[in-house]
Amino acid sequence: MATQATAQRSFSFLRIAITLQTLTIFLQAVSAGLLLTSSYGETLHSVGARVMYGASMLYVLAAVLAWKPGGGSPRPIWRASGFLVLASVQVALGIAHVPSVHLPLGVLMFGLSVLALARR
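Reference entry: report on the structure contained in this document. (Residues numbered from 1 in each chain as written. Predicted model: local features only at pLDDT ≥ 70, side-chain atom pairs only at ≥ 80, totals over all residues. Heavy atoms only, no water.)

### Regarding the packing of aromatic side chains
Evaluation of the coordinates by the stated rule reveals two aromatic pairs. Note on Phe-26 and Phe-110: the rings are 5.9 Å apart at their centroids and 40° apart in plane angle, and the pair reads as tilted. With Phe-26 in helix α1 (residues 2-37) and Phe-110 in helix α4 (residues 99-119), this residue pair connects regions lying 84 residues apart in the sequence. For Phe-26, a relative accessible area of 42% puts it in the partly exposed group. With relative accessibility at 30%, the residue Phe-110 sits in the partly exposed group. Residues Tyr-59 and Phe-83 carry aromatic rings whose centres are separated by 5.8 Å and whose planes lie at 55° to one another, so their mutual orientation is tilted. On the criterion of sequence distance, the pair formed by Tyr-59 in helix α2 (residues 41-70) and Phe-83 in helix α3 (residues 75-95) is long-range, its members being 24 residues apart. We classify Phe-83 as buried; its relative accessible area is 5%. (Phe/Tyr/Trp six-rings, centres within 6.5 Å; stacked < 30°, edge-to-face > 60°. Helix = DSSP H or I, 4+ residues; strand = E, 2+ residues; numbered from the N terminus. Buried < 20%, exposed > 50% of the residue type's maximum accessible area, 1.4 Å probe, protein only.)

### Describing the layout of surface pockets
Here the largest pocket is characterised by a volume of approximately 890 Å³. Forming the boundary of the largest pocket are 28 residues, of which Gln-28, Leu-35, His-45, Gly-94 and His-102 lie nearest the centre. Only α1, α2, α3 and α4 provide two or more residues apiece to the lining of the largest pocket. A per-class count over the lining of the largest pocket returns 18 nonpolar, eight polar and two charged. (1 Å grid on protein atoms, 1.4 Å probe; cavity = no way out; pocket = protein on both sides within 12 Å on 5 of 7 lines; lining within 4 Å. Points joined across faces, edges and corners; volume = space filled by probe spheres on them. Nonpolar A, V, L, I, M, F, W, Y, C, P; charged D, E, K, R; others polar.)

Take a look at the structure:
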């Protein structure tokens, strides 16, 4: 009984982490628009990148916690780790000012995050 409750809490934490990641990626798209139209957009987009990266790290932590206590599949860990790699590439491309890859990668990340959220 306790194992089932622990697995349920881990599952909820995983869902919250994916939701947070999806929301932060969406807000990055909003701040990218502000980056083009306002003076404070660059600061907002920069701060948002850090928050999005943190949300991706939280997703990895949640996936590990959901796997270990419940003995479930390690697939969510691979997906979360993949997102963290994508987030790392995204941040590096943003710092290097490579919008031709940075923007499509952001769209891809949002789509994959929504897909991950739908699976949970």
